[in-house]
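Here is what each chain is made of, one letter per residue.
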2 protein chains.
Amino acid sequence: MGVTSGSRPGNIRRASGTGGLETDVIRVGDSIEGMRALPAGSVDMIFADPPYNLQLDGELHRPNNTRVDGVDDEWDQFESLQAYDRFTRDWLAAARHCLKDDGTLWVIGSYHNIFRVGASLQDLGFWILNDVVWRKSNPMPNFRGRRFTNAHETLIWAAKSKDSRYTFNYQSMKALNDDLQMRSDWYMPICAGSERLKDKDGRKAHPTQKPEALLHRIVVASTRPDDLIVDPFLGSGTTAAVAKRLRRRWIGLEADAEYAEIARERLARVRAVDDPTLVQLESRREAPRIPFGRLVERGFLAPGTVLYGGPKGQWTARVRADGTLVSAEAKGSIHQVGAQLQGAPSCNGWQFWQIDVEGNRVPIDVLRQKLRAETN
Amino acid sequence: MGVTSGSRPGNIRRASGTGGLETDVIRVGDSIEGMRALPAGSVDMIFADPPYNLQLDGELHRPNNTRVDGVDDEWDQFESLQAYDRFTRDWLAAARHCLKDDGTLWVIGSYHNIFRVGASLQDLGFWILNDVVWRKSNPMPNFRGRRFTNAHETLIWAAKSKDSRYTFNYQSMKALNDDLQMRSDWYMPICAGSERLKDKDGRKAHPTQKPEALLHRIVVASTRPDDLIVDPFLGSGTTAAVAKRLRRRWIGLEADAEYAEIARERLARVRAVDDPTLVQLESRREAPRIPFGRLVERGFLAPGTVLYGGPKGQWTARVRADGTLVSAEAKGSIHQVGAQLQGAPSCNGWQFWQIDVEGNRVPIDVLRQKLRAETN
DNA sequence: GGGTCACATGAATCGACTC
DNA sequence: GGAGTCGATTCATGTGACC
């Protein structure tokens, strides 16, 4: 993708790779029209927090008789399930239009709407990668004792198609999770306290403001620096704030001019991380590919060196000058020979083959790492 | 509902309340036909673990090249989303037919199918009560490092309609969770070890056997003893095993004769809890009603006794001979006067009003409990 | 200034029975 | 079926007043 130049006149960036598309802006207007107006295939990631279509009737009181301030805003009301489905298909289709083929879509919802969203996006050809559960550490209780505490919301993460080559920063997620694979259930508090935007009367400025921690994880997981992120239902602007801080480009669409203004004021206070290298990703997949043969070229391994294969070194093979191996039973790349000796469909030769270093067996991958370190 | 008599000839029970319907049996055959054949409105709860529309592309291998034994049985392949939707609507409609108006439906699924199931059941008029997340303590890792570890499955709990009077044993769930409301995210291990049924070659007998702990919580939460539970995709029989142990009636439908046989053998080894009182639930809502006036009739409170209202006893009222209260500002029932003094829309007088007992303020509810204990 | 306690509040599809 | 009545029901956090 096109990388933005370092110099930025004012707050608005124009990316060379997207035909001079104006980014880092909030546009007031309809989400669907806004996405349709974007160039086809210009967006790396879309985060959408659409209306949930809650159907509250009557008032709800806490056991101490205070009234619960529920989401009864006009923008969350739909005439019927069918009307909600039409709306959902329309905005998903517009999202598909502006998303790159290798881009991904995130949607958040609750049981009121998420099943309709999930079914619609599958119908449109999106390929679900994960459903992720945001477990709230401090949800509102069920005051009448009639159901389980509604303690989570659901996110769907989807690629544009089954064979998409989407971005997933596996190593960053693993690092965020104490070197264990990041799971599909995330535990985080709701947005409250000083992070929660208030109006001049001290009331919440937006009824459904999302926590920045949630967007942080999403952005780090599924985008790279300078990627373009679009939020078609920007609301209070959490997506844009996190994108700006993490040095991604962004466009926010918001139909309500008051919400847009709240978000603009918020964005003006957000600073991007100073050092661009801090938002660079740690990812083995991103590391430059190094053919095994280069180790031979560069003298890290002399032709004829004996490699030991398998956890106990029970197989052996010798290195040839072109970077292929030869053993008693097979010849070919480090991966092919490893696979054939084991009778396995595939093999990671970098881990399978070892050399003797001062009496110890060490995977040849350490040589690759040494070469990479020199190259950087 | 009709309650089965204590004596049971053999293993099969005939419930008087359901027209002599034969229960506690496994029926081999099509799920949809099986549910259609049940009397309309005869079932208290349905638990369904329908086939997932998994689309494993070729074979999946772990890094050490052992093959992942995925769900690729013939019954789990569907040509298209449309075919899956037809199947889903058909079995859900059949479930609706046999479910009581006040019965509930549980469905479990993963992101492959749960959005389609959820949307279909909403289309059919089911009213979602909760989506519940089963967080697996020991999920299968993501071997390719291309997604988040898929560490949960989703359950939908739904009533037949919006105004259903469904069963929810709130106090039992709260008791199960250290006296805090049970949340919508449940943490449990997958079914493994000695609980996992094996065939004679030591391989798992069923690919998607559910843990009994999961069904235990579901059954305790949403049914009462002697309720009729139907599982239209019985598989290895976990639902029936838990239902039998907890003294619920049950019917299992299973298309595969081999699975049905496995489940039959399993059920033969399951014993119901000996003492029926152990599966009785404590429920405040179902306790016999006692009018406040009866405390006066029975001499627990003399007319003229002073009651103290509110957490600090800041209000007072006196008891009249007919069981109404009179204060400086209001008269009426314990609830009416409590609500009026607080300026609240409603009030539970049993908790609001207190009496002096040896210098301590005690809610008048303790007198009600004393009277209830005498009556039993 | 520190500790305690009261109070506020959050995407909520939040009764049942009698007359 | 509508109105009236009984009576069951909350957890985690942050803030601010008050010792």
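Residues numbered from 1 in each chain as written. Chains lettered and ligands numbered in written order. Predicted model: local features only at pLDDT ≥ 70, side-chain atom pairs only at ≥ 80, totals over all residues. Heavy atoms only, no water.

*Asks:* Before we go on, may I ask you to explain the overall build of chain A in this structure?
*Replies:* The number of helices and strands found in chain A is 11 helices and 16 strands. Dimensions along the principal axes, computed over C-alpha positions, put chain A at roughly 80 × 55 × 40 Å. The proportion of buried residues among the 376 residues of chain A is 53%. A fraction of 67% describes how many contacts in chain A between residues 6 or more apart in sequence connect residues 24 or more apart. Here chain A displays about 17,900 Å² of accessible surface, and carbon together with sulfur accounts for 47% of that area. Taking the 52 positively charged and 48 negatively charged side chains of chain A as two groups, their mean positions are separated by 5 Å. (Helix = DSSP H or I, 4+ residues; strand = E, 2+ residues; numbered from the N terminus. Buried < 20%, exposed > 50% of the residue type's maximum accessible area, 1.4 Å probe, protein only. Contact = heavy atoms within 4.5 Å. Areas by Shrake-Rupley, 256 points an atom, 1.4 Å probe, with all protein chains shown as cover. Lys, Arg positive; Asp, Glu negative; His and termini not counted. Charge placed at Lys NZ, Arg CZ, Asp CG, Glu CD.)

*Asks:* How should the domain arrangement of chain A be read in this particular structure?
*Replies:* When the parts of a complex come together, some accessible area is lost, and that lost area is often taken as the interface size. Per the domain assignment, the segments of chain A are domain 1 (9-279) and domain 2 (292-375). Here the C-alpha centroids of domain 1 of chain A and domain 2 of chain A sit 46 Å apart. (Domains from an automatic or database assignment.)

*Asks:* Would you mind showing me how to read the protein's contact with DNA strand C here?
*Replies:* In the vicinity of DNA strand C there are 37 residues, among which Tyr111(A), Met140(A), Arg144(A), Arg146(A) and Arg165(B) approach most closely. Within 4 Å of the protein, the atoms of DNA strand C are drawn from sugar and phosphate moieties in a proportion of 45%. Arg196(A) places a polar side-chain atom, nitrogen or oxygen, 2.7 Å from a phosphate oxygen of DNA strand C. Looking at the surface near DNA strand C residue by residue, the class counts come to 17 nonpolar, eight polar and 12 charged. (Near = heavy atom within 4 Å. Polar contact = N/O pair within 3.5 Å; in protein donor to acceptor, adjacent residues only side chain to side chain. Nonpolar A, V, L, I, M, F, W, Y, C, P; charged D, E, K, R; others polar.)

*Asks:* Mind showing me how you'd approach the UniProt feature "domain: DNA methylase N-4/N-6" (unreviewed entry) in chain A here?
*Replies:* Residues annotated by UniProt as "domain: DNA methylase N-4/N-6" (unreviewed entry) correspond here to residues 43-264 of chain A. Annotated as residues 43-264 of chain A, this span is 28% helix and 22% strand, and its ends, taken at the C-alpha atoms, are 21 Å apart. (UniProt positions renumbered as here; feature names shortened; annotations may be inferred.)

*Asks:* I tried to follow the interface of chain B and chain A on my own but got confused; where do I start?
*Replies:* With 58 residues of chain B at the interface, the matching set in chain A holds 57 residues. When the area that chain B buries against chain A is broken down by residue, the three leading residues are Phe115(B), Arg146(B) and Phe148(B), summing to 18%. For the interface between chain B and chain A, the tally reads five salt bridges. A salt bridge links Arg135(A) to Asp185(B), with the nearest nitrogen and oxygen atoms 2.6 Å apart. Viewed at the interface, chain A and chain B are joined by 33 residue pairs in polar contact (both at pLDDT 80 or more). Mapped by element, the contributors of at least two residues to the side of chain B that touches chain A are α3 (114-123), β6 (127-136), β7 (152-159), α4 (170-176) and β8 (185-188) of chain B. If you tally residues by element for the side of chain B that touches chain A, the top one is β6(B), at nine residues. When the residues that make up the side of chain B that touches chain A are grouped by side-chain class, the tally is 27 nonpolar, 18 polar and 13 charged. (Buried area = accessible area lost by both parts, 1.4 Å probe. Salt bridge = Lys/Arg side-chain N within 4 Å of Asp/Glu carboxyl O.)

*Asks:* For this particular structure, what's the right way to read the relation of the copies chain B and chain A?
*Replies:* The two chain copies are related to each other by a rotation about an axis together with a translation along it. Its rotation angle being 179°, the transformation that places chain B on chain A also includes 0.4 Å of axial translation and leaves an RMSD of 0.7 Å. Taken together, the turn and the small shift mark the pair as related by a two-fold rotation axis. Rotation axis and chain B: the residue whose C-alpha lies nearest the axis is Phe115(B), separated from it by 2.4 Å. Both copies contact each other with a shared surface, as 98% of the interface residues of chain B are interface residues in chain A too. (Least-squares fit on C-alpha atoms with pLDDT ≥ 70 in both.)

*Asks:* Whenever I open this one, the sheet that holds strand β3 (residues 25-28) of chain A confuses me. Can you help?
*Replies:* Picture the strands of a sheet paired through backbone hydrogen bonds; they go either parallel or antiparallel. All names here are of chain A. What the eight strands build is an open sheet, ordered β3-β10-β9-β4-β5-β7-β6-β8; its pairing is mixed. The open sheet terminates on both sides in strands that have one partner only, identified here as β3 and β8 (185-188). Mean inter-strand twist for the sheet, computed between neighbouring axes without regard to direction, equals 20°. The sheet strands contacting helix α2 (residues 81-98) are β4 (43-48) and β5 (99-109), and the helix crosses β5 at an angle near 150°. (Pairing = 2+ DSSP bridges. Axes fitted to C-alpha atoms, helices over the stretch in contact; angles between N-to-C directions.)

*Asks:* What should I look at first to understand the sheet that holds β8(B) in this one?
*Replies:* Residue and element names in this part refer to chain B. Taken together, the eight strands give an open sheet; going across it, the order is β3-β10-β9-β4-β5-β7-β6-β8, and neighbouring strands pair in mixed fashion. The sheet is open, and its two edges are formed by β3 (25-28) and β8, each paired on a single side. Adjacent strand axes in the sheet meet at a mean angle of 20°, parallel and antiparallel pairs treated alike. Sitting on the sheet, helix α2 (residues 81-98) touches β4 (43-48) and β5 (99-109), and the angle it makes with β5 is about 150°.

*Asks:* Any chance you could explain the environment of Arg318(A) here in plain terms?
*Replies:* All names here are of chain A. By the element assignment, arginine 318 lies in strand β12 (residues 315-319). Here arginine 318 falls in the partly exposed class, since its relative accessible area comes to 49%. Not counting the four nearest positions on each side in its chain, arginine 318 is found in contact with Gly304, Thr305, Val306, Thr324, Leu325 and Val326.

*Asks:* Would you explain the nonpolar core in this entry?
*Replies:* Burial of nonpolar side chains together is a common tendency in soluble globular proteins. In terms of nonpolar packing, the biggest core is built from 62 residues, with Trp91(A), Leu121(A), Trp91(B) and Leu121(B) touching the most fellow members. Residues Phe47(A), Leu129(A), Met173(A) and Val220(A) belong to the second largest nonpolar core, which totals 39 residues. (Core = buried A, V, L, I, M, F, W, Y, C linked by side-chain atoms within 4.5 Å.)

*Asks:* How should the pattern of salt bridges be read in this particular structure?
*Replies:* Close approach of charged atoms allows side chains with opposite charge to pair. In total, this model carries 35 salt bridges over all chains according to the counting rule given. The partner of Asp123(A) in a salt bridge is Arg116(B), and the shortest N-O contact between them spans 2.5 Å. With Asp123(A) in helix α3 (residues 114-123) and Arg116(B) in helix α3, the pair connects residues from two separate chains. Given a relative accessible area of 46%, Asp123(A) falls into the partly exposed group. A single network of salt bridges, built from pairs that share partners, joins Asp85(A), Arg116(A) and Asp123(B).

*Asks:* Quick question: what am I supposed to make of the packing of α2(B) against α3(B) here?
*Replies:* Relative orientation and spacing of two packed helices are given, respectively, by the angle between their axes and the distance between those axes. Residues and elements named next belong to chain B. In contact at an axis separation of 10 Å, α2 and α3 are set at 45° when each is read in the N-to-C sense. In terms of orientation, α2 and α3 fall into the oblique class. Note that α2 runs across α3; the crossing there is right-handed. Contacts from Leu81, Tyr84, Asp85, Thr88, Arg89 and Leu92 of α2 reach α3 at Arg116, Val117, Ser120 and Leu121. Classifying every residue of the contact of α2 with α3 gives five nonpolar, two polar and three charged. (Parallel < 35°, antiparallel > 145°, perpendicular 65-115°, else oblique. Left-handed = near helix turned anticlockwise from the far one by under 90°.)

*Asks:* Please clarify how the protein's contact with DNA strand D should be interpreted in this entry.
*Replies:* Neighbouring residues of DNA strand D: 29 residues in total, closest Tyr170(B), Gln171(B), Lys174(B), His335(B) and Arg368(B). Phe143(A) is positioned such that a nitrogen or oxygen atom in its backbone is 3.2 Å from a base oxygen of DNA strand D. For DNA strand D, a phosphate oxygen lies 2.9 Å from a polar atom in the side chain of Arg368(B). Sorting the residues of the surface near DNA strand D by element identifies α4 and α9 (334-342) of chain B as the ones contributing at least two each. The biggest single contributor to the surface near DNA strand D is α4(B), with three residues. Here the surface near DNA strand D is built from residues that sort into nine nonpolar, 13 polar and seven charged.

*Asks:* Got a minute to help me understand the side chain of Thr238(A) in this structure?
*Replies:* Residues and elements named next belong to chain A. Its place among the elements puts threonine 238 in helix α6 (residues 238-245). Look at threonine 238 and you get buried, because its relative accessible area is 4%. Within the local environment of threonine 238, its side chain forms a polar contact with the backbone oxygen of lysine 210, the two atoms lying 3.0 Å apart. A distance of 3.1 Å separates polar atoms of two side chains, one belonging to threonine 238 and the other to arginine 266. Beyond its immediate chain neighbours, meaning those up to four positions away, threonine 238 contacts Gln209, Lys210, Pro211, Glu212, Leu215 and Arg266.

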